[in-house]
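Spelled out, the chains give:
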Amino acid sequence: MKRPILIHPDPRLKKMCDPVPDISDELRSLADDMLETMYAAPGIGLAAPQVGVLSRLLVMDCVKEEGAPPQPMVMFNPEIVAASDALNTYEEGCLSIPEQFADVTRPAEVELRWIDRNGEERQQVFDGLWATCVQHEIDHLNGKLFIDHLGPIRRQMITRKMQKYKREQARA
Ligand code: NI
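Treat the numbers as computed from the prediction; the structure is a model and nothing was measured.

Asks: Can you help me understand the coordination of the nickel ion in this one?
Replies: Ideal geometry at a metal centre: 109.5 degrees between donors when four sit tetrahedrally, and 90 or 180 degrees when six sit octahedrally. Coordination of the nickel ion by the protein comes from Cys94 (SG), His136 (NE2) and His140 (NE2), over a distance range of 2.1 to 2.3 Å. Between consecutive donor residues of the nickel ion, the sequence gaps follow C-x41-H-x3-H. Taken together, the positions of Cys94 in strand E4 (residues 87-94) and His140 in helix H2 (residues 128-141) put the pair 46 residues apart, joining distant regions of the chain. On the basis of relative accessibility, which here comes to 11%, the residue Cys94 falls in the buried class.

So this is what it looks like as structure tokens:
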């Protein structure tokens, strides 16, 4: 089932999310809903607070090649255990900040530990777009948006555009 995506500014997007105690059927079904919502948007990553659930859960699939098989990832309680000194800059966007993009610089490689959909602990190194995406999504779990990496003027400009966008959506 697709779920509505919260649009910035929304107080729920600024909250620190709680760790998931154990993987229930309810949480698995939330993860499946989030994947469906992400693919439909379309997007490459989605964090639970973006659908109004303040739990440490994210989903992503950064496969870009046309016709390549999907690679859906579900991460409960993801943690960055190591990050490279090398940095990478990507033009980022966010399903909660539609049609706004900006360059954000982050570690090029990160090693992650998380609990998967089956409740198994996993650990893996990510690079390229996967590394950027997972750091962006973990930021969401800490109440942080990609615009929080920008200067205050740029951030306020985007926030004002989003307030206008939300007023227009409410009227439509
Ligand atoms: Ni986002």
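Asks: Hey, could you run me through helix H3 (residues 152-171) in this one?
Replies: Given 3.6 residues to a turn, an α-helix orients residues that are three or four positions apart in the same direction. With 20 residues, H3 ought to run about 28 Å at 1.5 Å a step, and its terminal C-alpha atoms sit 29 Å apart, in line with that. For H3, the set of buried residues is Ile158, Thr159 and Met162. Angular distribution of buried residues about the axis of H3 spans 100 degrees; they occupy a single face of the element. Summarising the geometry of H3, the exposed residues directed more than 90 degrees from the buried face are Ile153, Arg160 and Arg171.

Asks: What's the story with the sheet that holds strand E7 (residues 121-126) in this structure? I'm lost.
Replies: The pairing of strands in a sheet comes from backbone hydrogen bonds and takes either a parallel or an antiparallel form. With antiparallel pairing, the five strands of this open sheet are ordered in space as E1-E2-E3-E6-E7. One side of each edge strand has no neighbouring strand; the edge strands of this open sheet are strand E1 (45-47) and E7. Between one strand axis and the next, the sheet turns through 40 degrees on average, direction left out of account. Here six bridges tie strand E6 (residues 110-115) to E7, and the two strands are oriented antiparallel to one another. Counted as the bridge partner of Leu112 is Gln124 from E7. Packing against the sheet, helix H1 (residues 25-40) makes contact with E1, strand E2 (57-60) and strand E3 (73-83), and its axis sits at approximately 40 degrees to E2.

Asks: Honestly, the pairing of strand E5 (residues 97-107) in this entry has me stumped. Any pointers?
Replies: Along any regular strand the residues' side chains alternate between the sheet's two faces. Of the strand pairs in this sheet, E4 and E5 are connected by seven bridges, and their pairing is antiparallel. In the sheet register, Cys94 faces E5, and the bridge partner there is Ile97.

Asks: So what exactly am I meant to see when it comes to the pairing of E6 here?
Replies: Alternating residues of E6 divide into Val110, Leu112 and Trp114, all buried, and Glu111, Arg113 and Ile115, none buried. The pairing of E3 with E6 spans five bridges and is classified as antiparallel. Bridge assignment links Ala82 to a residue of E6, and that residue is Glu111. Hairpin geometry of E6 and E7 is characterised by an intervening segment of five residues between the two adjacent antiparallel strands and by a positive phi of about 85 degrees at Gly119.

Asks: Looking at this structure, how should I read the environment of Asn77?
Replies: Mapped onto the fold, Asn77 is located in strand E3. Separated by 56 residues in sequence, Asn77 and Pro21 place their C-alpha atoms 9.0 Å apart. Excluding residues that lie within four positions of it along the chain, Asn77 makes contacts with Pro19, Val20, Arg56, Arg113 and Trp114. Reaching out from Asn77, the side chain makes a polar contact with the backbone nitrogen of Val20 at a distance of 2.7 Å.

Asks: Would you mind going over the side chain of Thr132 with me for this structure?
Replies: Among the structural elements, Thr132 can be located in helix H2. Overall, Thr132 belongs to the buried group, its relative accessible area being 6%. When neighbours within four sequence positions are excluded, Thr132 is seen to be in contact with Tyr90, Glu92 and Arg106.

About the cut-offs
- Residues numbered from 1 in each chain as written.
- Predicted model: local features only at pLDDT ≥ 70, side-chain atom pairs only at ≥ 80, totals over all residues.
- Heavy atoms only, no water.
- Donors = N, O, S within 2.8 Å, 3.2 Å for Na, K, Ca; no water.
- Helix = DSSP H or I, 4+ residues; strand = E, 2+ residues; numbered from the N terminus.
- Buried < 20%, exposed > 50% of the residue type's maximum accessible area, 1.4 Å probe, protein only.
- Expected span 1.5 Å × (residues − 1).
- Arc of directions from axis to C-beta.
- Pairing = 2+ DSSP bridges.
- Axes fitted to C-alpha atoms, helices over the stretch in contact; angles between N-to-C directions.
- Contact = heavy atoms within 4.5 Å.
- Polar contact = N/O pair within 3.5 Å; in protein donor to acceptor, adjacent residues only side chain to side chain.

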